[in-house]
Amino acid sequence: MSDRRATQETGRIDLESGFTMHDYRTKLKLLKDSGTTRTLENREGLLCPACGREFDRLFVTEEETTTFETPAERPFCLARTAEKLLLCTH
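In this report, the structure presented in the accompanying data block is examined. (Residues numbered from 1 in each chain as written. Predicted model: local features only at pLDDT ≥ 70, side-chain atom pairs only at ≥ 80, totals over all residues. Heavy atoms only, no water.)

Right, let's talk about the nonpolar core for a bit. As a rule of thumb, nonpolar side chains are buried together in soluble globular proteins. In terms of nonpolar packing, the biggest core is built from 16 residues, with Ile13, Phe19, Leu28, Phe55, Leu58 and Leu86 touching the most fellow members. For this core, the elements supplying multiple residues, two or more each, are β3 (57-61), β4 (76-80) and β5 (85-89). (Core = buried A, V, L, I, M, F, W, Y, C linked by side-chain atoms within 4.5 Å. Buried < 20%, exposed > 50% of the residue type's maximum accessible area, 1.4 Å probe, protein only. Helix = DSSP H or I, 4+ residues; strand = E, 2+ residues; numbered from the N terminus.)

This is the structure we're talking about:
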């Protein structure tokens, strides 16, 4: 079994080869899609690629700069691939 597939089965998002939401399509529900920015809901208990804890929402952008709203007291983690920035809210 490949490392990427093993990571998907254990529930942690793997960024080693980049990130594509299609690898996790059965576990994430697409809430918003602007083409270069997406907001997804974690439906299956996936684990954050930064801290390893379960997260609620995943914000993914290919933009160089972006603005988003999140409650002030809500912890979040950032993870980066060559093409994308991922923000996981907990």
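Still to come is the rest of the account.
It is worth spelling out the pattern of salt bridges at this point. Within this structure, the stated rule accounts for three salt bridges. Across the pair Arg38 and Asp33 runs a salt bridge, and its minimum N-O distance is 3.6 Å. Accessibility expressed as a relative area gives 16% for Arg38, which makes it buried. Residue classification places Asp33 among the partly exposed positions, given a relative accessible area of 44%. With its nearest N and O atoms 3.7 Å apart, the salt bridge here joins Glu62 to Arg38. Of the two residues, Glu62 is situated in the loop between β3 and β4 and Arg38 in strand β2 (residues 37-42); the sequence distance between them amounts to 24 residues. Look at the salt bridges and you will find they share partners, linking Asp33, Arg38 and Glu62 into a network. (Salt bridge = Lys/Arg side-chain N within 4 Å of Asp/Glu carboxyl O.)

A sheet is described by the order of its strands in space; here five strands give the open sequence β1-β2-β3-β5-β4, paired in antiparallel fashion. Strands with a single pairing partner mark the edges of an open sheet, and in this sheet they are β1 (28-33) and β4. Within the sheet, the average angular offset between the axes of one strand and its neighbour, ignoring direction, is 20°. In the sheet, β4 pairs with β5 via five bridges, with the strands oriented antiparallel. (Pairing = 2+ DSSP bridges. Axes fitted to C-alpha atoms, helices over the stretch in contact; angles between N-to-C directions.)

For the structure on display, the rule yields zero disulfides. There is no disulfide at Cys51, and the cysteine sulfur nearest it, in Cys77, is 3.7 Å away. The thiol of Cys88 is unpaired, and the distance to the nearest cysteine sulfur, on Cys48, comes to 4.0 Å. (Disulfide = S-S within 2.5 Å.)

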